[in-house]
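# Examination of the molecular architecture
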Amino acid sequence: MKKTFSGITALLSSCTLLLTGCGGDTTTVTNSPNSTTNNTATNTAANTGTLSGAIPIGIAVAQTSNVALLGQEQVAGVKIAEKYFNAKGGVNGTPIKLVFQDTSGDEAGAINAVQTLINKDKVIGIVGPTLSQQAFSADPVAERAKVPIIGPSNTAKNVPEIGDYVARVSAPVSVVAPNSVKAALKQNPQIKKVAVFYAQNDAFSKSETEIFQQTVKDQGLELITVQKFQTSDTDFQSQATNAINIKPDLVIISGLAADGGNLVRQLRELGYKGLIVGGNGLNTSNLLPVCKALCDGVLIAQAYSPEHPGEINAAFRKAYTEEYKKEPPQFSAQAFAAVQVYVEALQALDKKSKVNKLQLPELRTELNKQILSGTYNTPLGAIGFTPVGEVVQKDFYVAQIKMEKDGSQGKFTFLK
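Small disclaimer: the values here were computed from a predicted structure and weren't measured.

## With respect to the pairing of strand β11 (residues 275–278)
As a general feature of sheets, a regular strand has side chains that alternate between the two faces. In β11, alternate side chains face the same way, and those of Leu-275 and Val-277 on one face and Ile-276 and Gly-278 on the other are all buried. For the crossover from strand β10 (residues 250–254) across helix α8 (residues 257–269) to β11, the handedness is right-handed. As paired elements, β11 and strand β12 (residues 299–302) share 2 bridges and run parallel to each other. When the bridges of β12 are listed, Val-277 appears paired with Leu-299.

## Overview of the sheet that holds strand β15 (residues 391–392)
With antiparallel pairing, 3 strands are arranged side by side in an open sheet as β13-β14-β15. Edge positions in the sheet fall to β13 (375–378) and β15, since each of these pairs with one other strand and no more. When β13 meets strand β14 (residues 381–385), the two strands line up antiparallel, connected through 4 bridges. Paired with Thr-378 across the strands is Gly-381, a residue of β14.

## Focus: the pattern of salt bridges
The full count for this structure, using the stated rule, is 7 salt bridges. The partner of Lys-354 in a salt bridge is Asp-350, with the nearest N and O atoms 3.3 Å apart. The exposure class of Asp-350 is buried, given its relative accessible area of 7%. The shortest N-O distance in the salt bridge between Glu-366 and Lys-369 comes to 3.4 Å. In this pair, Glu-366 and Lys-369 both sit in helix α12 (residues 360–373), 3 residues apart, roughly one turn of the helix.

What counts and what doesn't
Residues numbered from 1 in each chain as written. Predicted model: local features only at pLDDT ≥ 70, side-chain atom pairs only at ≥ 80, totals over all residues. Heavy atoms only, no water. Buried < 20%, exposed > 50% of the residue type's maximum accessible area, 1.4 Å probe, protein only. Helix = DSSP H or I, 4+ residues; strand = E, 2+ residues; numbered from the N terminus. Right-handed = clockwise from strand over helix to strand, strands pointing away. Pairing = 2+ DSSP bridges. Salt bridge = Lys/Arg side-chain N within 4 Å of Asp/Glu carboxyl O.

This is the structure:
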């Protein structure tokens, strides 16, 4: 079992930018003569052998479904990380190679992706999945197989506690979410009545709304209604009308980009003029084409700022803006950080015991120990982990969406 929290001292390292091609290395795992192959992820002895060639890191995020609005930002982040770290020499001269499996947007897709990465692709560790809902189903698969898995965007309560091999670089919602409500009160101290909306079929949204509702009470505000919806919904006329009729001063939404964006749009179309706070699922520029000009003014708490000082963030920001012609979002930065954790943990482990000499089960176990004991200077700032696998991070922000009047363009403006 994991132990309780212990202090972690941040260790800052200097990083410079060198973006060149990754090369064409292939990844293989050489099985020992006595090893056996087992397609069941729950068998901890299923994968044996040593590495040959590039070091495979699994990426299990949502590339399809409505969750792809978030997953595609994570794909962008990890690809930049792969290129950046390989240009800097990879793991002490050995390149990394990302292996992608699409989780889609449900639990079954996440489980299948994790099982494939472990048993077929024989990765040393996994970044993913996109949703906390998926993590509660898929992370136990990695735990039973004793394969490290790092959540890039799993912020619901109790995700790291799933098991010894589970960690996350995404700060828990309990730390981040209250900041946006406080920012709303700073902009409008007259706020008294609050309406809350949340996606009842999503584990993260249910976890996040509990934090928001508690924050409302802690701030001495009146919670006048709680409206439920599904992440697959597109029509919110009934819930929005119910809330508007009792005249809230603030609306808080916990959902994903597609449903959340449509809810924002319909609230505005029906005449709601007050402030709107969006949860972490709305924390993506892919929200902007959904609600367009009506996205203007939405407040969202952040665990990342493109303006965060430091060489590694400057390198990441430069690479992202050159590739995508816009500022990097939080989901991309967190995904980059997750790959960085693997690379730097592998570098440290390789100096103790050459990673290509270790049998795969031993490599995964030793890597997991190294991940949890290390500190990392990432685009998110200096981070580390508690023994439970919870991220330790100190820098947080709040951004407000600013849209052009015609809705053609918009951006996240960070508040001072």
